[in-house]
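Topology and contacts: notes
Letter by letter, the chains look like this.
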Amino acid sequence: MASVRDLKKDINYVLGDIIGAVCDWELENTDKDTKKSEAIVDEAIETFDELIAKVNIRKVEDPKAHFRAISAELEDRGKKLIEKINKLG
């Protein structure tokens, strides 16, 4: 299993890349409404906060399972955010 530090880095990189992709989309599509893209950024920030809070929980019965679940949640929620970016047009 990767370290807690690596998991935090993964969370930061994945969600940071998603926010960067939204910013790139906004720069390329200045003529389109940005309400949906701003909502994606807000959701990415909420996801970041929630996942980091889960990582910082210190007393869990099975730490490996706990961190695997967080990693799986990151992957799932990241994919959903990417799908939303792709639907922006």
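Thresholds applied
Residues numbered from 1 in each chain as written. Predicted model: local features only at pLDDT ≥ 70, side-chain atom pairs only at ≥ 80, totals over all residues. Heavy atoms only, no water. Helix = DSSP H or I, 4+ residues; strand = E, 2+ residues; numbered from the N terminus. Buried < 20%, exposed > 50% of the residue type's maximum accessible area, 1.4 Å probe, protein only. Contact = heavy atoms within 4.5 Å. Salt bridge = Lys/Arg side-chain N within 4 Å of Asp/Glu carboxyl O. Axes fitted to C-alpha atoms, helices over the stretch in contact; angles between N-to-C directions. Parallel < 35°, antiparallel > 145°, perpendicular 65-115°, else oblique. Nonpolar A, V, L, I, M, F, W, Y, C, P; charged D, E, K, R; others polar.

Here we take up the overall build of the protein chain. A tally of regular secondary structure across the protein chain gives 3 helices and 0 strands. Each helix and strand of the protein chain, ordered N terminal to C terminal, gives the series α-α-α. Across its three principal directions, the C-alpha atoms of the protein chain cover 50 × 15 × 15 Å. Split into buried and exposed, the 89 residues of the protein chain put 27% on the buried side.

Relative to the helices and strands, Thr47 is located in helix α2 (residues 35-55). Judged by relative accessible area, Thr47 falls into the buried class, the value being 1%. Apart from residues lying up to four places away in sequence, Thr47 is in contact with Leu15, Arg77 and Leu81.

The subject of this paragraph is the pattern of salt bridges. Enumeration according to the criterion identifies 6 salt bridges in this entry. Note that Lys54 and Glu73 form a salt bridge whose closest N and O atoms lie 2.7 Å from each other. On the criterion of sequence distance, the pair formed by Lys54 in helix α2 and Glu73 in helix α3 (residues 63-87) is long-range, its members being 19 residues apart. Note that Lys80 and Asp76 form a salt bridge whose closest N and O atoms lie 3.4 Å from each other. With Lys80 and Asp76 both in helix α3 and 4 residues apart, this pair spans about one turn of that helix. Among the residues examined, Asp76 registers a relative accessible area of 38% and is labelled partly exposed. Salt bridges linked by common partners bring Glu50, Lys54, Glu73 and Arg77 together as one network.

Let us now look at the packing of helix α1 (residues 4-28) against α3. Packing of α1 against α3 brings their axes to within 10 Å, and their N-to-C directions diverge by 5°. When the axes of α1 and α3 are compared, the pair comes out roughly parallel. Facing Val4, Leu7, Asp10, Ile11, Val14, Leu15, Ile18, Ala21 and Val22 of α1, the residues of α3 in contact are Phe67, Ile70, Ser71, Leu74, Gly78, Leu81, Ile82 and Ile85. Grouping the constituent residues of the contact of α1 with α3 by class yields 14 nonpolar, 2 polar and 1 charged.

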